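Breakdown of the fold
So the chains spell out like this:
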Amino acid sequence: AGKTFSLCMKMFHLMNENIGLQGGFLCPSLKMFKRDVYPTIKDICMDNNIEYEFNKSDSVFYFPLTKSTIYIFHAEDDGQSIRGPNLAFMLINEVTLVSKEAFDAAIARVRLKSGGLLQVAMSGTPEEFNWAYEYFIENPRTDTDLIFGNTRENKYIHDSYVTMLEESYD
């Protein structure tokens with residue numbers, strides 16, 4: 001439970017490790033950012049008295065405490081909107097829903113020589129046996145740690161949800 005929350009908390013950790021440097025946050029769509037990631041970041045900031053500015057028209061966060069700029073990207077254009085900035089880190093929400101082209105464009109941006117901790121962090125739910133399955137599961141990477149969660153242990157979902165899933169899928 002809490003994949004997006006954990007990823008947003010990772011963003012704050014990476015901002016602290018890379019003071020004054022810019023990062024990126026990739027979502028499958030702008031709609032998913034607005035519905036999932038943005039409210040999570042807002043809640044974390046409100047609960048912890050973290051000041052931020054959000055430029056809605058440019059989809060850019062600024063956090064004065066760490067002097068961090070976070071660019072929000074979406075994968076609807078297979079990564080074309082990601083091209084340009086040099087970043088210290090990248091976060092990818094619902095990585096299994098983005099195209100391989102958008103994924104490749106996102107990780108190619110993480111290259112700032114001055115970065116304290118260059119890193120790409122991702123979260124997601126396996127949706128199908130697509131490029132992500134091949135990339136992370138079939139061909140395990142030495143530079144990647146995978147963390148698996150058990151749906152049955154998610155305290156935020158109703159008990160009937162697991163039963164419904166089991167009855168819906170083979």
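Just so it is clear, the model here is predicted, and its values are computed rather than measured.

1. A word on unusual backbone geometry
Despite not being glycine, Asn49 has its phi angle at roughly 50 degrees, a positive value. For Asn49, a relative accessible area of 72% puts it in the exposed group. In this structure, Glu94 takes a positive phi of about 55 degrees despite not being glycine. With respect to the helices and strands, Glu94 occurs in the loop between β5 (89-92) and α3 (100-108).

2. Thoughts on a nonpolar patch on the surface
Together, Ile137, Leu146 and Phe148 give the surface a local cluster of nonpolar side chains, amounting to about 310 Å² of exposed area. Inspection of the secondary structure assignment puts Ile137 in helix α4 (residues 131-138). Take Ile137: its relative accessible area is 35%, and that puts it in the partly exposed class.

Each value, and the rule that gives it
- Residues numbered from 1 in each chain as written.
- Predicted model: local features only at pLDDT ≥ 70, side-chain atom pairs only at ≥ 80, totals over all residues.
- Heavy atoms only, no water.
- Buried < 20%, exposed > 50% of the residue type's maximum accessible area, 1.4 Å probe, protein only.
- Helix = DSSP H or I, 4+ residues; strand = E, 2+ residues; numbered from the N terminus.
- Patch = residues over 30% accessible without salt bridge, like charges linked within 9 Å, V, L, I, M, F, W, Y side chains within 5 Å.
- Areas by Shrake-Rupley, 256 points an atom, 1.4 Å probe, with all protein chains shown as cover.
- Salt bridge = Lys/Arg side-chain N within 4 Å of Asp/Glu carboxyl O.

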